[in-house]
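# Chains, contacts and geometry: an overview
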Amino acid sequence: MKPIQVGLLGIGTVGSGVFNVLARNQDEISRRAGRGIEITMVADLDVERAKAVVGADIQVVNDARAIIANPDIDIVIELIGGYGIARALVLEAIAAGKHVVTANKALLAVHGTEIFAAASAKGVMVAFEAAVAGGIPIIKALREGLTANRIQWIAGIINGTTNFILSEMRSKGLDFDVVLREAQRLGYAEADPTFDIEGVDAAHKVTLMSAIAFGIPVQFDKAYVEGITKLGAADIKYAEQLGYRIKLLGITKRADKGIELRVHPSLVPSKRLIANVEGAMNAVVVQGDAVGTTLYYGKGAGSEPTASAVIADLVDIARLHTADPEHRVPHLAFQANTLADAMDTLPVLPMSEVVTSYYLRLRVADQAGVLAKVTGLLAEAGVSIDAVLQREADEVGGEGSTQTDLIILTHDTREGTMDAVIAQMQALPTVLAPITRIRKEELN
Ligand SMILES: NC(=O)c1ccc[n+]([C@@H]2O[C@H](COP(=O)([O-])OP(=O)(O)OC[C@H]3O[C@@H](n4cnc5c(N)ncnc54)[C@H](O)[C@@H]3O)[C@@H](O)[C@H]2O)c1
Ligand SMILES: N[C@@H](CCO)C(=O)O
Ligand code: NA
């Protein structure tokens, strides 16, 4: 069989990894795919840099549309990023009957419904293993390996930049800004690092996992998104004293009335494997009714780890390219005559309906009766307390301090109830600063 022809749009960090790994492991990859896989055209705005990567034998152009217009190209890999030109190019490639491989989680989380529908109508594949947790084959695990299961929940460390920042802050006591700059230097951070630190990148990824796990449309706009920029060194330290680590988790869960979809810093018991995932590494825990708890760990970013996932998608497509479109692996794991028929109508729940437990930190006046007032409000609202820790005033504000920190761990509570009781506690004259609230996930 003749080699399958691939056009590569954007040869930056990930694109050059794809080119290098494909060249290095060519024979083995071809044997696995059952046919050769050849990158025959590359497009990048920086033609000279692209030529320096691919050499003289491969055609390099600066106009990505020249690749889409080439009838010999079977698969287009989109590694430009963003929602703008990438969306237009992906839709044009689909319209031209080409399969698409992309690492662009932002694009799929926001425009996935449109893109998957266009691909289904045209009978082409859109594969995106690299978009979620980079090199970890989590899309395959959810879509294929766990397909017998009713998935109950997924919780993942799916942003390397923020995990790197939290790890370095905890273990080395380094400042947020210093560690962020290092993550950018190492190539983990997005072009716009606010996407990493504000939780948006993790929300893009968990939105995609949620769609695959529960068969719902991709609905990034319904995700609750909170990043790590408001976390203080004090909370990282107190969490540790209580037997927890703080991780930025992407969580999606099947609840009674719908699906939870949320990203926020979470306290995780230190003894859990996922609490010990350090640096830029990623990990995803999936709980299925038959298999129980499974854990996937590895590099979620970087040139070759991400390329590993892109090439796995190329191999899948090379194997399935000739199959009847209806018998290919479906984009979102659920199969029906049309994409819309395959989708479940379970709603994504508003954050106020989410039930979880909480870590609260209150900076209070160090005087009699404060603790009783605070716990009284919690009791009135029906919030059950798991543990209370009161710091010595001297330890918090220095010798002779009149302020102290009160740390409260609660049992499961509805978020809407917690919002109301936090507002009441905040209004107490003895509560001296904005209350810190971090959700707590036992993950068992
Ligand atoms: N870097 C990672 O570790 C990583 C991991 C997983 C997913 N991703 C995703 O992969 C994609 C690529 O990321 P990257 O880190 O390789 O980015 P990058 O900035 O290193 O590379 C993008 C390349 O696209 C080129 N480009 C920009 N506009 C273009 C256009 N109109 N036509 C042709 N080329 C154009 C740029 O010149 C650049 O070479 C993004 O969607 C990103 O979110 C990256
Ligand atoms: N910026 C992302 C890259 C991988 O998607 C991260 O830090 O994990
Ligand atoms: Na992946």
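Residues numbered from 1 in each chain as written. Chains lettered and ligands numbered in written order. Predicted model: local features only at pLDDT ≥ 70, side-chain atom pairs only at ≥ 80, totals over all residues. Heavy atoms only, no water.

The name given to the chain in an unreviewed UniProt entry is Homoserine dehydrogenase, and the organism recorded there is Acidovorax facilis. Here is the UniProt Sequence similarities (unreviewed entry) comment for the chain, exactly as written: "Belongs to the homoserine dehydrogenase family." (UniProt positions renumbered as here; feature names shortened; annotations may be inferred.)

## Topic: the site of ligand 1
Lining the immediate surroundings of ligand 1 are 21 residues, of which Thr 13, Val 14, Asp 44, Glu 190 and Gly 302 lie closest. With respect to ligand 1, the backbone of Gly 12 contributes an N or O atom lying 3.5 Å from an oxygen atom. Glu 190 is positioned with one of its side-chain polar atoms (N or O) 3.0 Å from an oxygen atom of ligand 1. Calculation on ligand 1 without its partners gives an accessible area of 830 Å², and the protein chains cover 80% of this total. Put simply, ligand 1 lies in the largest pocket. (Near = heavy atom within 4 Å. Polar contact = N/O pair within 3.5 Å; in protein donor to acceptor, adjacent residues only side chain to side chain. Areas by Shrake-Rupley, 256 points an atom, 1.4 Å probe, with all protein chains shown as cover. 1 Å grid on protein atoms, 1.4 Å probe; cavity = no way out; pocket = protein on both sides within 12 Å on 5 of 7 lines; lining within 4 Å. Sits in = over half its atoms within 2 Å of the grid points.)

## Considerations on the coordination of the sodium ion (ligand 3)
Bound to the sodium ion (ligand 3) are the protein donor atoms Glu 129 (O), Glu 129 (OE), Val 132 (O), Gly 134 (O) and Ile 136 (O), situated 2.3 to 2.6 Å from the metal. The motif formed by the donor residues of the sodium ion (ligand 3), counted along the single chain, is E-x2-V-x1-G-x1-I. Judged by relative accessible area, Glu 129 falls into the buried class, the value being 4%. (Donors = N, O, S within 2.8 Å, 3.2 Å for Na, K, Ca; no water. Buried < 20%, exposed > 50% of the residue type's maximum accessible area, 1.4 Å probe, protein only.)

## A word on the packing of helix 2 (residues 26–33) against helix 13 (residues 303–320)
In a packed pair of helices, the relevant descriptors are the angle between the two axes and the axis-to-axis distance. Across the interface, helix 2 lies against helix 13 with an axial gap of 9 Å and an inter-helix angle of 40°. On the basis of their axis angle, the class for helix 2 and helix 13 is oblique. Contacts between helix 2 and helix 13 involve Ile 29, Arg 32 and Ala 33 on the former and, on the latter, Ile 311, Val 315, Ala 318 and Arg 319. For the contact of helix 2 with helix 13, a count of residues per class yields five nonpolar, no polar and two charged. (Axes fitted to C-alpha atoms, helices over the stretch in contact; angles between N-to-C directions. Helix = DSSP H or I, 4+ residues; strand = E, 2+ residues; numbered from the N terminus. Parallel < 35°, antiparallel > 145°, perpendicular 65-115°, else oblique. Contact = heavy atoms within 4.5 Å. Nonpolar A, V, L, I, M, F, W, Y, C, P; charged D, E, K, R; others polar.)

## Side note on the pairing of strand 10 (residues 259–269)
Across the 11 residues of strand 10, 11 count as buried, placing the element largely inside the fold. Judged from the two bridges that link them, strand 8 (residues 224–225) and strand 10 form a sheet pairing that is parallel. Among the inter-strand pairings, Val 225 is bridged to a residue of strand 10, identified as Val 263. Bridge analysis of strand 9 (residues 244–254) against strand 10 gives 11 bridges, and the strand direction is antiparallel. In the sheet register, Gly 250 faces strand 10, and the bridge partner there is Val 263. The turn linking strand 9 back onto strand 10 is made up of four residues. Inspection of the sheet shows strand 10 paired to strand 17 (residues 436–440) by two bridges, in the parallel sense. Residue pairing for strand 17: Leu 267 is matched across the bridge by Lys 440. (Pairing = 2+ DSSP bridges.)

## Some details on the domain arrangement of the chain
For the chain, the domain assignment lists domain 1 (4–135 + 304–337), domain 2 (138–299 + 344–351) and domain 3 (353–440). Taking only C-alpha atoms into account, the centre of domain 2 sits 25 Å from that of domain 3. With 20 residues of domain 2 at the contact, the number on the domain 3 side is 17 residues. Carbon and sulfur atoms make up 60% of the area that domain 2 and domain 3 hide from each other, which totals about 1700 Å². Three residues stand out in domain 2 for area buried against domain 3, namely Tyr 238, Leu 267 and Met 351, and they jointly supply 36% of the buried area on that side. For the pair domain 2 and domain 3, the number of links is two salt bridges. Here Arg 361 ties to Asp 235 by a salt bridge, and the two come within 2.5 Å at their closest N and O atoms. At the boundary of domain 2 with domain 3, the tally comes to 10 residue pairs in polar contact (both at pLDDT 80 or more). When residues of the side of domain 2 that touches domain 3 are traced back to their parent elements, those giving at least two are helix 12 (233–241), strand 9 and strand 10. A per-element tally of the side of domain 2 that touches domain 3 places strand 10 first, with six residues. (Domains from an automatic or database assignment. Buried area = accessible area lost by both parts, 1.4 Å probe. Salt bridge = Lys/Arg side-chain N within 4 Å of Asp/Glu carboxyl O.)

## Describing empty space enclosed by the protein
Within this structure, the stated rule accounts for two cavities of 30 Å³ or more. Of the voids in this model, the largest cavity is the one considered here, and its volume is about 100 Å³. Around the largest cavity, the lining residues are Met 125, Val 126, Ala 127, Arg 143, Asp 313, Asp 316, Ile 317, Leu 320, Val 329, Pro 330 and His 331. Those elements that provide at least two residues to the lining of the largest cavity are strand 6 (126–127) and helix 13. (Points joined across faces, edges and corners; volume = space filled by probe spheres on them.)

## A short note on the sheet that holds strand 1 (residues 4–9)
Overall, parallel pairing links the six strands, which are arranged 3-2-1-4-5-6 in an open sheet. Since the sheet does not close on itself, it has two edges, and those belong to strand 3 (59–61) and strand 6, each with one partner. Note that strand 5 (residues 99–102) and strand 6 share two bridges and pair parallel. In the strand pairing of strand 6, Val 100 is matched with Val 126. Contacting strand 2 (37–43) and strand 3, helix 3 (residues 47–54) crosses the sheet at an angle of about 160° to strand 3.

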